[in-house]
Amino acid sequence: MKKKIKKIVLNREGKKIYWFGGDIHTHLGVIKEADMQKKEKISMQKGDIGYVLPATFLDQLEKIERGPAIMLKKDIGIILANIPLDTKTKIVDAGSGCGVLAAYLARSGASVTTYEIDEKNAERAKKNAELLGVVCKFKKKNIACGIDEKNVDVITLDLGNPWEVFPHAVKSLKRGGMLVVYAPQITQVEKIVQETKEHFILIKACEVIEREWVVEAPVLRPKHQGFMHTAFLVFLRKI
């Protein structure tokens, strides 16, 4: 299992150095463990200044063990903003992958159960949750074979054939519960809407495109590249 980040060093350009313990050997020289423990600001070679900061959930997330492609923050953010999410929320998630979406969902204190059919991915997701300090329940099971949990508030699906889960989702979700599907192709979205129209109402189908800006006066312009299409997000509500 990877070590937990204790602190980070951040410079004015936004570049990070991660501290797990001991001395750090960087391209800007050696940073002593004693300095990391006691100082808030460190002078490094080439006149660079590093600010010693506590490591957050987002810092830890950058160093988790990855396997399959992970869902990006831009897509996770729109999911979190469009579902009920608090300590009373009961969520079922599948497939886990390396556990990123499940970890974000669990940060709220919600009860999160995540399904994963691949044994390596399931174990990886479990270790990452421990590293990130979140509590999830992990099941190595094909969710298309059934959902054990009942009276669920939210189901999130990141699967190749999510429609195989829909009959189980109808039984598992409470009335008014949310079904969220991550689908890379628009043909999948069409099938999702058609397959769910008897028991669900489509709330929204969308994609998120993110474009950062360069803010280094006098240069103020959008970056030449952005985070473009990754997937469509389909939000449905059980009736």
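Residues numbered from 1 in each chain as written. Predicted model: local features only at pLDDT ≥ 70, side-chain atom pairs only at ≥ 80, totals over all residues. Heavy atoms only, no water.

A.B. asks: I keep staring at the state of the cysteines and nothing clicks. Help me out?
C.D. replies: Chemically, a disulfide is nothing more than a covalent bond linking the sulfur atoms of two cysteines. Scanning the entire structure with this criterion turns up 0 disulfides. Looking at Cys98, it has no disulfide partner, and the nearest cysteine sulfur is the one in Cys136, 12 Å off. Residue Cys98 is classed as buried on the basis of its relative accessible area, which comes to 3%. (Disulfide = S-S within 2.5 Å. Buried < 20%, exposed > 50% of the residue type's maximum accessible area, 1.4 Å probe, protein only.)

A.B. asks: Would you mind showing me how to read unusual backbone geometry here?
C.D. replies: Glycine aside, negative phi is the norm for most residues, and most peptide bonds take the trans geometry. A cis geometry characterises the amide bond from Ala94 onward to Gly95, with omega recorded as -20 degrees. Mapped onto the elements, Gly95 comes out in the loop between β7 (90-94) and α4 (100-106). The step from Ala217 to Pro218 runs through a cis peptide bond, and the omega angle for that step is 10 degrees. Position of Pro218 among the secondary structure elements: in the loop between β13 (213-216) and β14 (219-222). With a phi angle near 55 degrees, Asn151 is a residue other than glycine that sits in the positive phi range. As for its placement among the helices and strands, Asn151 is situated in the loop between β9 (137-139) and β10 (152-157). (Helix = DSSP H or I, 4+ residues; strand = E, 2+ residues; numbered from the N terminus.)

A.B. asks: Looking at this structure, how should I read the environment of Phe232?
C.D. replies: With respect to the helices and strands, the residue Phe232 is situated in strand β15 (residues 232-238). The class of Phe232 is buried, set by a relative accessible area of 17%. Remark: the alpha-carbon pair of Phe232 and Glu210, spanning 22 residues in sequence, is separated by 14 Å. With near-sequence residues (within four places) excluded, Phe232 lies in contact with Val181, Tyr182, Ala183, Pro184, Gln185, Ile186, Val189, Cys206 and Glu207. (Contact = heavy atoms within 4.5 Å.)

A.B. asks: Explanation requested: a nonpolar patch on the surface in the structure shown.
C.D. replies: Taken together, the side chains of Ile201, Ile203 and Ile239 define a hydrophobic patch exposed on the protein surface, amounting to about 290 Å² of accessible area. Structurally, Ile201 can be placed in strand β12 (residues 200-206). Classification of Ile201 as partly exposed rests on a relative accessible area of 46%. (Patch = residues over 30% accessible without salt bridge, like charges linked within 9 Å, V, L, I, M, F, W, Y side chains within 5 Å. Areas by Shrake-Rupley, 256 points an atom, 1.4 Å probe, with all protein chains shown as cover. Salt bridge = Lys/Arg side-chain N within 4 Å of Asp/Glu carboxyl O.)

A.B. asks: Please explain the packing of aromatic side chains as it appears in this structure.
C.D. replies: Any aromatic ring pair is given by two values, namely how distant the centres are and how the planes are angled relative to each other. Within the structure shown, the criterion is met by 1 aromatic pair. Between the aromatic rings of Phe57 and Tyr104, the centroid separation amounts to 5.3 Å while the plane-to-plane angle is 80 degrees, which identifies the pairing as edge-to-face. Here the residue Phe57 occupies a position in helix α2 (residues 57-61), and Tyr104 occupies one in helix α4, the gap between them amounting to 47 residues. We note Arg107 situated over the ring of Phe57; from NZ or CZ to the ring centre the distance is 4.1 Å. (Phe/Tyr/Trp six-rings, centres within 6.5 Å; stacked < 30°, edge-to-face > 60°. Lys NZ or Arg CZ within 6 Å of the ring centre and 35° of its normal.)

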